[in-house]
Amino acid sequence: MIAALDHVQLAAPEGSEDALRAYYTGVLGMTEIPKPPVLAARGGCWFGAGPVQLHLGIERDFRPAKKAHPGLRVTDIEAFAARLEERGAEVHWDDNLPGHRRFYSHDPVGNRLEFLEPAGRPPAVTARPASPA
């Protein structure tokens, strides 16, 4: 049985690791995950944020996919979009998914990324003391 999604792999061109690191850590705020030495020799880089992992692998004849993309759930989507724009990333809002706020952006090598948040999140529930009977 499938229990969880472990990671998403995206492709990138040779020599793009520095640009990827700048974007995924500096713009998105992810943390670089060290690759095992045998895999590090192939190039590319891995990034994580909480339980989410994105692996960027080197592909010789790289062409970014036009439609394929990971969908990344975020909190406070307006602030997250502003963070990307402040750091030079383009943000393209899309209102076509009912019940969600979402936008698309591209990493420095052209990979499409979707960022979404359920619309109308319920307020955080706080515990209330029991009322006397």
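From a predicted model like this one, the values you see are computed outputs, not experimental measurements. (Residues numbered from 1 in each chain as written. Predicted model: local features only at pLDDT ≥ 70, side-chain atom pairs only at ≥ 80, totals over all residues. Heavy atoms only, no water.)

### So, the nonpolar core
The biggest cluster of nonpolar side chains holds 26 residues, and the ones touching the most others in it are Tyr23, Tyr24, Leu28, Leu84, Phe103 and Phe115. Contributions of two or more residues to this core are made by strand E1 (8–12), helix H1 (17–27), strand E3 (45–49), strand E4 (52–58), helix H3 (77–86) and strand E8 (112–118). Those residues in contact with Leu84 that sit more than four places away from it in its chain are Tyr23, Val27, Leu28, Ala89, Val91, Phe103, Ser105 and Phe115. (Core = buried A, V, L, I, M, F, W, Y, C linked by side-chain atoms within 4.5 Å. Buried < 20%, exposed > 50% of the residue type's maximum accessible area, 1.4 Å probe, protein only. Helix = DSSP H or I, 4+ residues; strand = E, 2+ residues; numbered from the N terminus. Contact = heavy atoms within 4.5 Å.)

### Some details on the layout of surface pockets
It is the rolling of a water-molecule-sized probe over the atoms that shows where space remains empty. Estimates place the volume of the largest pocket at around 200 Å³. Lining the largest pocket we find 13 residues, and of these Leu5, Val8, Val52, Gly71 and Leu72 sit closest to its centre. Looking at the lining of the largest pocket, the elements that each hand over two or more residues are E4 and strand E5 (71–73). When its residues are assigned to classes, the lining of the largest pocket shows eight nonpolar, three polar and two charged. As a volume, the second largest pocket reaches approximately 160 Å³. Every residue along the wall of the second largest pocket is listed here: Leu28, Gly29, Met30, Ala49, Val52, Leu72, Arg73, Val74, Phe80 and Phe115. (1 Å grid on protein atoms, 1.4 Å probe; cavity = no way out; pocket = protein on both sides within 12 Å on 5 of 7 lines; lining within 4 Å. Points joined across faces, edges and corners; volume = space filled by probe spheres on them. Nonpolar A, V, L, I, M, F, W, Y, C, P; charged D, E, K, R; others polar.)

### Some thoughts on the packing of aromatic side chains
Applying the stated rule across the entire model yields five aromatic pairs. For the ring pair Tyr23 and Tyr24, a centre distance of 5.0 Å and an interplane angle of 85° mean the geometry is edge-to-face. As far as the burial class goes, Tyr23 and Tyr24 line up, both buried. Pairwise contacts between aromatic rings join Phe80, Trp93, Phe103 and Phe115 into one cluster. The side chain of Arg101 reaches across the aromatic face of Trp93, ending 4.3 Å from its centre. Above the plane of the ring of Tyr104 lies Arg112, whose end atom (NZ or CZ) is 3.9 Å from the centre. (Phe/Tyr/Trp six-rings, centres within 6.5 Å; stacked < 30°, edge-to-face > 60°. Lys NZ or Arg CZ within 6 Å of the ring centre and 35° of its normal.)

### Side note on the pattern of salt bridges
Using the criterion set out here, one finds seven salt bridges in the structure. Residues Asp18 and Arg21 are paired through a salt bridge, measuring 3.7 Å at the closest nitrogen-oxygen approach. Within this pair, Asp18 and its partner Arg21 are both found in helix H1, separated by three residues, close to a single helical turn. Taking relative accessible area as the criterion, Arg21 reaches 29% and is therefore assigned partly exposed. Across the salt bridge formed by Glu32 and Arg21, the nearest N and O atoms sit 2.9 Å from each other. Pair noted here: Glu32 is in strand E2 (residues 31–33) and Arg21 is in helix H1, with a separation of 11 residues, a long-range link. Its relative accessible area of 33% is what places Glu32 among the partly exposed residues. Here the residues in one salt-bridge network are Asp18, Arg21 and Glu32, joined through shared partners. (Salt bridge = Lys/Arg side-chain N within 4 Å of Asp/Glu carboxyl O.)

It is worth stressing that arrangement in space is one thing and function is another; only the former is reported here.
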